[in-house]
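Fold and geometry: a report
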Amino acid sequence: MSLQKPSIPKGTRDFSPSQMVRRNYIFDTIRNVFQLFGYQPIETPAMENLSTLMGKYGEEGDKLLFKILNSGNFMDGYHDQTDNIHTLTKHISEKGLRYDLTVPFARFVVQHQNELTFPFKRYQIQPVWRADRPQKGRYREFFQCDVDVIGSHSLLNEVELVQIIDAVFSKLRIRVLIRINNRKILAGIAEAIGVPEKLTDLTVALDKLEKVGAEKVKEEMIERGISSDSVEKLAPLLDLEGKMETKFDFLTQFFADTEIGRLGLKEIEILIDYLKALDLKNKFEFDIKLARGLNYYTGTIIEVKALDVTMGSICGGGRYDDLTGIFGLSEMSGVGISFGADRIYDVMLELNIFPSEIGAATKVLFINFGGEEERFCLKLTSEIRSSGISVELFPNPAKVKKQMEYAHRNNIPYVVLAGQDEMQSGEISVKEMSTGNQTKMRVDELKKLLS
RNA sequence: GUGGUCGUAGCUCAGUCGGUUAGAGCGAUAGAUUGUGGAUCUAUAGGUCGUGGGUUCGAGCCCCAUCUUCCACCCCA
C-alpha cells in the first residue's frame, strides 16, 4: 500500500486534550444549567431516515443534508435513464446525517409518545452535520446543545428558556444580546402590507436590514416579487427604533386589520412583561428585524449574539406548533433553543475568558526509581487515590529530569520523590512545582495538603 | 451551490527577475556532577515547498487541475 498523507474531511476537526478540557467546561456548564431547570437528557442516532429529515428545513436545508449511500449494490434495479437527480438520490440513499436536534426530537416524541409525560422537557447535546461551505465559526460537524419543552403552549416556557440563556452566558462570562421576535408578527406584517403569501421572502429580506440598510432591503423585496406599493407600506417599519413601548404602540395601529399580527403582538408583550419582572443579567430586546429562517417556527423566535466579538449567532430557537404533526401527532406545541458549543468555544477563545484553573487533572506525580521503590510507590499511589486524589506513578524508571519534565508539561502541581532515604525515614519528599520548594512529610500530611 | 483567497520544518514566517546545496525564530531531541522541571549554553535532527500535471536548459516562484484554509454571497449554531 502506498503511503498517504493523513487528513480529515473539510470542515471537521480533531480536538486535542487541551481543547477538550475547555470544550467539556462549556458542555458541563450548559448541562448543569439544563438540569437545574429540570430538563432530562436524551440521545438520538447520528443518522436518520431521509424521509424524516427532508422538507423540514426548507429548500436550502435539503441541499445541506449529508446523505448516506445505501450499502450493497445501491444501483440494483435502477433503470431510469432520464438522469433525474432526485429520483437517483431517492434510489441510492435512504439515510442521512442529522441536520439539527429539533427534528429528530420531534420524531422521538411521536415515536415514544406513550412513554412520555407531557409537558416533556428534554435536553440533548450531540453533534450535527451540514454540507455547508466552511468559514470562521461555521463547520460541517458541530455540536448543538438543545433544550426543548413540548406539550405546553404556555409562554412561561419561553420565559424559562430566556432564563436559561441568561444563566448559561452569565456562567461562561460572555456578554450577550438576546433578541426576540415572533413569527406571527412577521406574518402580520406580510398581511398588513397585502402579501401574506410572501412571508418567507419578506423575512429573508428583512433579516438583512442591519447588514445592508433599508434601501437594499427594499430592492431585494421588489426582486423577490413584492410590489413596490407593499414595500412602501413597510417603510415606516424599517425605521422603527427605540423603546419597546414605542414599537408596541406603532404595531398596534399597524396591525389594525390583521388578526395574526395582533396575536403575535399580544404574545410578545406578555413575554417581555414577564422578562422585565426578572432580574436578568443580560440585555434582551424585541426586534422585528429578527427573522430566523427555519421553516417550522410559528411563534416566538429567539437569537443570541455575543456583544464583544464578531460571530454569527451562538444560540437560537423558537416555538413550533406543529412539528410533530407530519409524523402523525398533532396538538403538540413545542418551544426550544440550541446553543452552538463550537461557536461559544471560538468566542471564549477570542476573548480569552476561559478560566485558568480548569484542566489540571492529576494533582501529584510519583517519580519512578524502579525496583523496590517502584513497589513502594505503587502502594502509596493506590492509597492516595482511594481518598479521591488524582495521582500518577511514572510508568518506567526514566531519568528524573525526564519525569520532572513530564510533570511540568502536564501541569501537575506536585511531584513526590520516594527513594531509599524516604522509604527508610517514612517521610516522602514533596516538591511544589510552581515554587520549586521541596519538603519532607508523611503520606497523611500529603493527603491533607491535596484534599 | 456562486465568486475570491491561502498553503514553504511540529508552530510562526522569510525566500530577490525563474538560476547552484530552500533559511530564521520558537519548539523538539541529546548533553552541560547518574535524585530534580522552567532560565542559560552546546550539539543534533527535522522539508517530495499541499497534491498531480504542464511550460522551461532550469520551477518554491509561471500556467492548468485538484485538495485544504480563510472571506463574501446563500444560509445558519
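The structure presented is a predicted model; accordingly, all values stated were derived computationally and were not measured.

With that out of the way, let us pick up the overall build of chain A. Scanning chain A for helices and strands turns up 18 helices and 16 strands. Taking 22 Å as the expected radius of gyration for a compact globule of 451 residues, we find that chain A reaches 28 Å, considerably beyond that expectation. Projected onto its principal axes, the C-alpha coordinates of chain A cover approximately 95 × 65 × 45 Å. Counting only residues that meet the buried cut, chain A has 47% of its 451 residues in that class. Just so you have it, chain A exposes about 23700 Å², and 50% of that area is on carbon and sulfur atoms. Looking at charge distribution, chain A has the averaged site of its 58 positive side-chain charges lying 5 Å from that of its 64 negative ones.

Under the domain assignment used here, chain A contains domain 1 (17-73 + 82-351) and domain 2 (360-450). Spacing between the C-alpha centres of domain 1 and domain 2 amounts to 52 Å.

Right, let's get into the protein's contact with RNA strand B. Looking at RNA strand B, there are 44 residues lining it, with Lys136, Arg292, Lys399, Met433 and Gln438 nearest. At the protein interface, 53% of the atoms of RNA strand B within 4 Å belong to sugar or phosphate. A distance of 3.2 Å is found between a base nitrogen of RNA strand B and a side-chain nitrogen or oxygen belonging to histidine 408. For the surface near RNA strand B, the secondary-structure elements that each account for two or more residues are β6 (141-150), α16 (400-409) and α17 (420-425). For the surface near RNA strand B, a count of residues per class yields 11 nonpolar, 13 polar and 20 charged.

This paragraph deals with the sheet that holds strand β4 (residues 93-97). Within the open sheet, the 3 strands sit side by side as β2-β4-β3. Their pairing is antiparallel. If you trace the sheet from one side to the other, it starts and ends with β2 (47-49) and β3 (67-69), each paired once. Put simply, the sheet's adjacent strands are angled 45 degrees from each other on average, direction ignored. Looking at chain direction, β2 and β4 are connected through 3 bridges and run antiparallel. Bridging from a neighbouring strand, asparagine 49 pairs with lysine 95 of β4. Against the sheet, helix α4 (residues 85-92) engages β3 and β4, with an angle of about 80 degrees to β4.

Bringing the pattern of salt bridges into the picture now. Pairs can form between side chains of opposite charge once their charged atoms are near each other. Tallied over the full model, the rule gives 24 salt bridges. We note a salt bridge from arginine 107 to glutamate 48, for which the minimum N-O separation is 2.5 Å. Of this pair, arginine 107 sits in helix α5 (residues 102-111) while glutamate 48 is found in strand β2, placing the two residues 59 residues apart along the sequence. The pair formed by arginine 107 and glutamate 48 is uniform in burial state, with each residue classed as buried. A salt bridge links aspartate 201 to arginine 224, with the nearest nitrogen and oxygen atoms 2.9 Å apart. Of this pair, aspartate 201 sits in helix α8 (residues 199-206) while arginine 224 sits in the loop between α10 (214-223) and α11 (228-238), and the two are 23 residues apart along the sequence. On the basis of relative accessibility, which here comes to 28%, the residue arginine 224 falls in the partly exposed class.

Extensive coverage of strand β9 (residues 300-306) is indicated by the burial of 6 of its 7 residues. In terms of strand pairing, strand β7 (residues 176-182) meets β9 through 7 bridges, oriented antiparallel. Residue pairing for β9: leucine 177 is matched across the bridge by lysine 305. As defined by bridge partners, β9 adjoins strand β10 (residues 315-320) across 4 bridges and the pair is classed as antiparallel. Following the sheet pairing, isoleucine 301 is matched in β10 by glycine 318.

To continue, consider the environment of arginine 375. Tracing the chain through its elements places arginine 375 in helix α15 (residues 371-385). Arginine 375 gets classed as exposed once you look at its relative accessible area, which sits at 67%. Along the sequence, arginine 375 and glutamate 215 sit 160 residues apart, while their C-alpha atoms lie 79 Å from each other.

Procedures and definitions
Residues numbered from 1 in each chain as written. Chains lettered and ligands numbered in written order. Predicted model: local features only at pLDDT ≥ 70, side-chain atom pairs only at ≥ 80, totals over all residues. Heavy atoms only, no water. Helix = DSSP H or I, 4+ residues; strand = E, 2+ residues; numbered from the N terminus. Rg over C-alpha atoms; globule rule 2.2 N^0.38 Å. Buried < 20%, exposed > 50% of the residue type's maximum accessible area, 1.4 Å probe, protein only. Areas by Shrake-Rupley, 256 points an atom, 1.4 Å probe, with all protein chains shown as cover. Lys, Arg positive; Asp, Glu negative; His and termini not counted. Charge placed at Lys NZ, Arg CZ, Asp CG, Glu CD. Domains from an automatic or database assignment. Near = heavy atom within 4 Å. Polar contact = N/O pair within 3.5 Å; in protein donor to acceptor, adjacent residues only side chain to side chain. Nonpolar A, V, L, I, M, F, W, Y, C, P; charged D, E, K, R; others polar. Pairing = 2+ DSSP bridges. Axes fitted to C-alpha atoms, helices over the stretch in contact; angles between N-to-C directions. Contact = heavy atoms within 4.5 Å. Salt bridge = Lys/Arg side-chain N within 4 Å of Asp/Glu carboxyl O.

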